[in-house]
Amino acid sequence: MKNTVTTFKEAKEKGTKLTVLTAYDYSTAKLMDEANINGILVGDSLGMVCLGYKDTLSVTMEDMIHHTKAVSRGAKNALVIGDMPFMSYQTSVYDAVVNAGRLIKEGGAQAVKLEGGAIVLEQVKAIVKAQIPVMGHIGLTPQSINMFGGFKVQGKSEEVARQIIEDAKSLEEAGVFSITLEGIPEKLAEIITREVSIPTIGIGAGASCDGQVLVYQDMLGMFSDMTPKFVKKFADVGTIMKQGFSKYIEEVQKGTFPAKEHCFKIDEEVLNKLY
Ligand code: KIV
């Protein structure tokens, strides 16, 4: 059954945990969909794990649309959430609505995500008014790393913790269907999850969130440039891939690949004419 924003709402009401992973291509999205994931986020983490940038700030709308299209083709049942890249919504309410619309119309997503609380409320309200479901994202918002002074856990002081709680409440009022809580203390996430009636999806925010999200290359051990404390490696696919690559190199060099069963035949009669 297709996951929708209603599925997310009902999961919170029933106390069923929601599962979300990032994906950036067709075949990975298809595998996740077959595993029955609730949501696939085409995150702007794409910039780091797929494109090799040091942060997410260089990602463009064109990058996001390209990858969202691929994921949408692979995800039959998961809710596809397209991430709004840096400067696609901060510049104006108009830009925010136009770019959110592009992720839906061109990318095939069913919802969008953008970072920030109080500072993006007008954008969130306008996108929701345009009938596009929005997922909020607060706490350690990677598009703000230059303001934070790096990838640093947020909400450890009373002032910032209160601000994050307020952000969550005002995002709910502005109409978001769900909020990603990233890089905040677990007890703060617990308070927010209790205080809002929409599902919270945590990443580095502890177990009391209504659901969890991880970057798939992190949880499969495929990305080693940076490993945050909150990541659990559910499988060591990186090592398996490297073993596969080495075996391929070895067999091609030895001449054992391709073998007879990998080759195509030609009729003797045709062949004789070629000599
Ligand atoms: O871009 C991304 O992958 C994200 C998740 C970390 C929530 O925003």
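Residues numbered from 1 in each chain as written. Predicted model: local features only at pLDDT ≥ 70, side-chain atom pairs only at ≥ 80, totals over all residues. Heavy atoms only, no water.

1. A closer look at the UniProt feature "active site" (unreviewed entry) in the protein
UniProt records the feature "active site" (unreviewed entry) for E182 in the present numbering. Mapped onto the secondary structure, E182 falls in strand β6 (residues 178–182). Ignoring sequence-local partners within four residues, the contact set of E182 consists of H137, I138, G139, L140, P142, I203 and G204. A distance of 2.8 Å separates the side chain of E182 from the side chain of H137, its partner in a polar contact. (UniProt positions renumbered as here; feature names shortened; annotations may be inferred. Helix = DSSP H or I, 4+ residues; strand = E, 2+ residues; numbered from the N terminus. Contact = heavy atoms within 4.5 Å. Polar contact = N/O pair within 3.5 Å; in protein donor to acceptor, adjacent residues only side chain to side chain.)

2. A word on the packing of helix α6 (residues 121–129) against helix α8 (residues 158–174)
Running from amino to carboxyl end, α6 crosses α8 at an angle of 25 degrees, the nearest separation of the two axes being 9 Å. The pairing of α6 with α8 is recorded here as roughly parallel in orientation. Seen from above, α6 lies across α8 with right-handed handedness. Contacts from L121, V124, K125 and V128 in α6 reach S170, L171 and A174 in α8. The class makeup of the residues in the contact of α6 with α8 is 5 nonpolar, 1 polar and 1 charged. (Axes fitted to C-alpha atoms, helices over the stretch in contact; angles between N-to-C directions. Parallel < 35°, antiparallel > 145°, perpendicular 65-115°, else oblique. Left-handed = near helix turned anticlockwise from the far one by under 90°. Nonpolar A, V, L, I, M, F, W, Y, C, P; charged D, E, K, R; others polar.)

3. So, the UniProt feature "binding site: 3-methyl-2-oxobutanoate" (unreviewed entry) in the protein
When the UniProt feature table is mapped onto this chain, "binding site: 3-methyl-2-oxobutanoate" (unreviewed entry) is found at D44, S45, D83 and K113. Despite a sequence span of 70 residues, these residues sit close together in the fold, their greatest C-alpha distance being 12.4 Å. Of the annotated positions mentioned, D44, S45, D83 and K113 line the largest pocket. When you line up the elements, D83 lands in strand β3 (residues 79–83). Within the secondary structure layout, K113 lies in strand β4 (residues 111–113). For K113, a relative accessible area of 2% puts it in the buried group. (1 Å grid on protein atoms, 1.4 Å probe; cavity = no way out; pocket = protein on both sides within 12 Å on 5 of 7 lines; lining within 4 Å. Buried < 20%, exposed > 50% of the residue type's maximum accessible area, 1.4 Å probe, protein only.)

4. A word on the layout of surface pockets
The calculated volume of the largest pocket comes to roughly 990 Å³. Residue lining of the largest pocket: 44 residues in total, with E182, I203, G204, L214 and F230 positioned closest to the centre. At the level of elements, β1 (18–22), α3 (46–49), β6, β8 (211–214) and α10 (216–219) are the ones that each hand at least two residues to the lining of the largest pocket. When residues in the lining of the largest pocket are grouped by element, the largest group, 4 residues, is from β1. When its volume is computed, the second largest pocket comes out at roughly 530 Å³. Around the second largest pocket, the lining is made up of 22 residues, and of these G116, I119, T141, S144 and F148 lie nearest the centre. The greatest single-element share of the lining of the second largest pocket, amounting to 4 residues, is contributed by α8. For the lining of the second largest pocket, the class distribution of residues is 10 nonpolar, 10 polar and 2 charged. (Points joined across faces, edges and corners; volume = space filled by probe spheres on them.)

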